[in-house]
Structure formats: structure tokens, C-alpha cells
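Descriptive analysis of the structure
Here is what each chain is made of, one letter per residue.
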Amino acid sequence: MRRLEQSSGKLAQAAITRMDEQLPWYRAMPPENRSWIGLVAQAGIAAFTEWFRHPETPQAISTDVFGTAPRELTRAITLRQTVELVRTTIEVVEAAIDEVAAPGDESVLREALLVYAREIAFATAQVYAQAAEARGAWDARLESLVVNAVLSGEADEGAVSRAAALGWNSPEHVAVVLGNAPDGDSELTVEAIRRAARHAKLQVLTGVLGSRLVVVAGGSDDPLRAAKSLIGPFAPGPVVAGPIVGDLLSATRSAQAAAAGLRACAAWQDAPRPVLADDLLPERAMAGDPTARELLVEEIYRPLEEAGSALLETLSVYLEQASSLEGAARMLFVHPNTVRYRLRRVTDVTGWSPSDVRSAFTLRIALILGRLNDFGAQS
């Protein structure tokens, strides 16, 4: 014990010298961090001395050794570098056993060092596991704040900064996907979303907010394809993808559209899963969504109005005549081919085909809202 205590300072210095010679990352570190690492090496040798004195007494090795350095050091050096630090220090002590041990006690000291090295290995793993768990819990809270800001319409530069700290690389195409969260551990759900996102090469910010599973997906210009690649972890029920926007700040618009679609999806029982929020415009409008009403008027009714009264009149009569070309032609006193041509023009102007049942419903709601809007303006 006396020989070991007397040699501890020299062993610590030898360990630091060897690290400086053999570990390039140690040489490249700032002086302050090298100083802390030197203290860790000294504490490790001192703790071994104390452990060797009373091997039967349980010792909190992680506190004795790693407690001498600040918590920030776990971020300055990696687990691999810490293993190299510990290995180098153990090798220095092992090489000095013949010199340090009293004659005849070399094997005793060597066996004690091997046992202690095992304890140090477990202690190292514990320190980094605790640090990883703390960072993981903090990252999860940070991610929930960002997702909640996007969903509530409060996303600002602070949310963008927090997202960047989580690894969000500001992709050009962003969409929000909403659905029901499954029962059970929300952390498992979030991890399942992340695995699906990695497989689909998407960036995601995700979280379970109440009964909803929210995913902010970046990296795809097709929101429906992105939603399909992430749909696995969602609970049964509708899954709605908001429109593509240009950045995280604009993702609030996509989130609001997806949330409105999720509320209105009950009105379209045969809706596909997932479904685009824009495909639910008529249900959203009837549920009171002002954005959906505005889109129907501005993207369908106004273009038809600007294209000429003949298109609006033909579409209106065609829908009233139960989508009958002949019936519409008789009411308009034109040839059925004229009706057919005008309906093709309606499709070209609006992107919605009057001959499709679902599209015809959307067009009818747009006509109703447009007329009501015009009537209100005249009043």
C-alpha cells in the first residue's frame, strides 16, 4: 500500500505523457479539457489505491473517478475516447506493477488491477448512459415544444433554432401529417416514426400531443407519399397530410389544414388512408373551416368566373341534371358535344373533373360558396 501510494503521482504523470504521445485527439484538445482529463487519470489511480486498501467495501467508482470532471466533459470527448483514456491509464499502471509491488506481491496487485479495470469499464458505460438518457429526455422535451408550436400556430425563429439543435436541416419541402396516437408508450411510437423516416430518407420532428400523433416531415415534395411511408405507427383511424410548404415557419399552415381535415374526415367515410387535406376541402368548408372556403372560391369558382359565364352555367346545369350530358344540352339548347367540350374546359381550369363523383361534389360546393360570397358582397 505504501509503495502504491508513493507511486500514484508518478503513475498519473506517466499516463498523461503516454496519452500525449499516443492519442492525437488528446493533443488537439484545449488546455482546459486536457487538464480535466489529467485530473480524471489521477482520480482513477487514487481510487484504485483506495479500492485496493479496502476491496471488500462497495465503492462508487463512477463518482470517485469521473466526478472530478465537469458534466460538460462528456460532450467534449466521446465514449470511444474515454475508453482509450482508461485503457492507457490501466496499461501504464500494469506496466509499472513489477516496480510498484513489493517483492512477491506482483500477482496480487495484477489481479486487483484486472478486477478494478472491469469496474472502471462498467462505470464508464454508466456515466455515458446517464448522459445519453439526460440528453434524450431533454431532446424529447425540446422536440415536443417545436411540434406543439407548429400545431398551435406559434412557430417562430425560436422554434426554428430549437429544431436546428435537434438536427433539423431546413429542408425545402415540409408537410405535417396528423392522425390518432396508439395506446401505450409514446416513446416507442416516436421511435417507430423515426425508423420509418430513416427508411424513407425523410427528416422528421414528431411527438404525441394528447390523443394525436403529429409528424412534421421534410424532404419530400409529395405529402401523400411521405404520409404513406410514415403511416405504420399511427393508430387505426384517419391519417391526414397537410399541403407542402417551404419551411418550418410555414409548417403551421400545413398543420392547420391537416387538423381541419382530421376533424372533417368523419363526413367522408370512404376517404382513403392517408388522405390529403386538400382532398377534404368540401367537408372542411361545411365544418366551418374558413381557409377551405376561401380555397374553394379562389381556386375553383373565381377561375371559372374569369373563364366566361358559359363554363359556370354549363357546369351548374350539368350538376343539376344529375351529370347527364343530354339533359344539360337540352336545358342549354346546345349540342351534347358542346357540353362535353365545356366540361373538359372546366377540368382544365380547375383541375377537378365534373364526370367524377367526388370531384363533382367538390365543384358543387365551390359553386355554392362562390355564389354566397358574391351575394354577400352585393348586400
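Here the structure is a predicted model, which is why all the values come from computation and not from measurement.

The rules behind these values
Residues numbered from 1 in each chain as written. Predicted model: local features only at pLDDT ≥ 70, side-chain atom pairs only at ≥ 80, totals over all residues. Heavy atoms only, no water. Buried < 20%, exposed > 50% of the residue type's maximum accessible area, 1.4 Å probe, protein only. Helix = DSSP H or I, 4+ residues; strand = E, 2+ residues; numbered from the N terminus. Pairing = 2+ DSSP bridges. Arc of directions from axis to C-beta. Contact = heavy atoms within 4.5 Å. Polar contact = N/O pair within 3.5 Å; in protein donor to acceptor, adjacent residues only side chain to side chain. Axes fitted to C-alpha atoms, helices over the stretch in contact; angles between N-to-C directions. Parallel < 35°, antiparallel > 145°, perpendicular 65-115°, else oblique. Left-handed = near helix turned anticlockwise from the far one by under 90°. Nonpolar A, V, L, I, M, F, W, Y, C, P; charged D, E, K, R; others polar. Core = buried A, V, L, I, M, F, W, Y, C linked by side-chain atoms within 4.5 Å. Phe/Tyr/Trp six-rings, centres within 6.5 Å; stacked < 30°, edge-to-face > 60°. Lys NZ or Arg CZ within 6 Å of the ring centre and 35° of its normal.

On to the pairing of strand β3 (residues 212–218), then. The element β3 is largely enclosed, with a buried count of 6 among its 7 residues. The pairing of strand β1 (residues 174–180) with β3 spans 7 bridges and is classified as antiparallel. In the strand pairing of β3, valine 177 is matched with valine 215. In this structure, strand β2 (residues 203–209) lies alongside β3, joined through 7 bridges in antiparallel fashion. Bridging from a neighbouring strand, glutamine 203 pairs with glycine 218 of β3. Joining the antiparallel neighbours β2 and β3 is a turn of 2 residues, in which glycine 210 adopts a positive phi near 65°.

The next subject is helix α11 (residues 223–230). Taken as a whole, α11 has its buried residues at Pro223, Ala226, Ala227 and Leu230. One side of α11 carries all its buried residues, which in axial view fall inside an arc of 100°. Buried residues along α11 sit against β1, α10 (186–200), β2, β3, β4 (239–241) and β5 (275–276). Two or three places before leucine 224, at the opening of α11, aspartate 222 has a side-chain oxygen 3.1 Å from that residue's backbone nitrogen.

Where helix α3 (residues 31–53) meets helix α6 (residues 79–95), the axes come as close as 11 Å, and the angle between the chain directions of the two elements is 50°. Relative to α6, α3 is oriented oblique. α3 and α6 meet at a crossing whose hand is right-handed. For the pair α3 and α6, contact is made by Ile37, Val40, Ala41, Ile45 and Phe48 and by Leu85, Thr89 and Val93, respectively. Each residue belonging to the contact of α3 with α6 can be placed in one class, and the counts come to 7 nonpolar, 1 polar and no charged.

Note that soluble globular proteins tend to have their nonpolar side chains buried in a common cluster. In terms of nonpolar packing, the biggest core is built from 32 residues, with Leu11, Met19, Trp25, Tyr26, Ile37, Phe48 and Leu109 touching the most fellow members. Mapped by element, the contributors of at least two residues to this core are α1 (2–22), α2 (24–27), α3, α6, α7 (97–100) and α8 (106–152). The element contributing the most residues to this core is α3, with 7 residues. Excluding its chain neighbours within four sequence positions, the residues that come into contact with tryptophan 25 are Ile37, Ile77, Gln81 and Glu84. Leu304, Leu319, Leu332 and Leu367 belong to the second-largest nonpolar core, a separate cluster that totals 28 residues.

Scanning the model with the defined rule gives 1 aromatic pair in all. The interplanar angle of 90° and the centroid separation of 6.3 Å between the aromatic rings of tryptophan 25 and tyrosine 26 together place this pair among those described as edge-to-face. Here the two residues tryptophan 25 and tyrosine 26 agree in accessibility, since each one is buried. When the ring centre of tryptophan 268 is taken as origin, the NZ or CZ atom of arginine 358, which lies over that ring, is 3.5 Å away.

Let us now look at the sheet that holds β4. Spatially, the 5 strands line up as an open sheet ordered β2-β3-β1-β4-β5, and their pairing is mixed. One side of each edge strand has no neighbouring strand; the edge strands of this open sheet are β2 and β5. The sheet strands contacting helix α12 (residues 251–264) are β1, β3 and β4, and the helix crosses β1 at an angle near 30°.

Take it as geometry only, folks, not as evidence of what the structure does.
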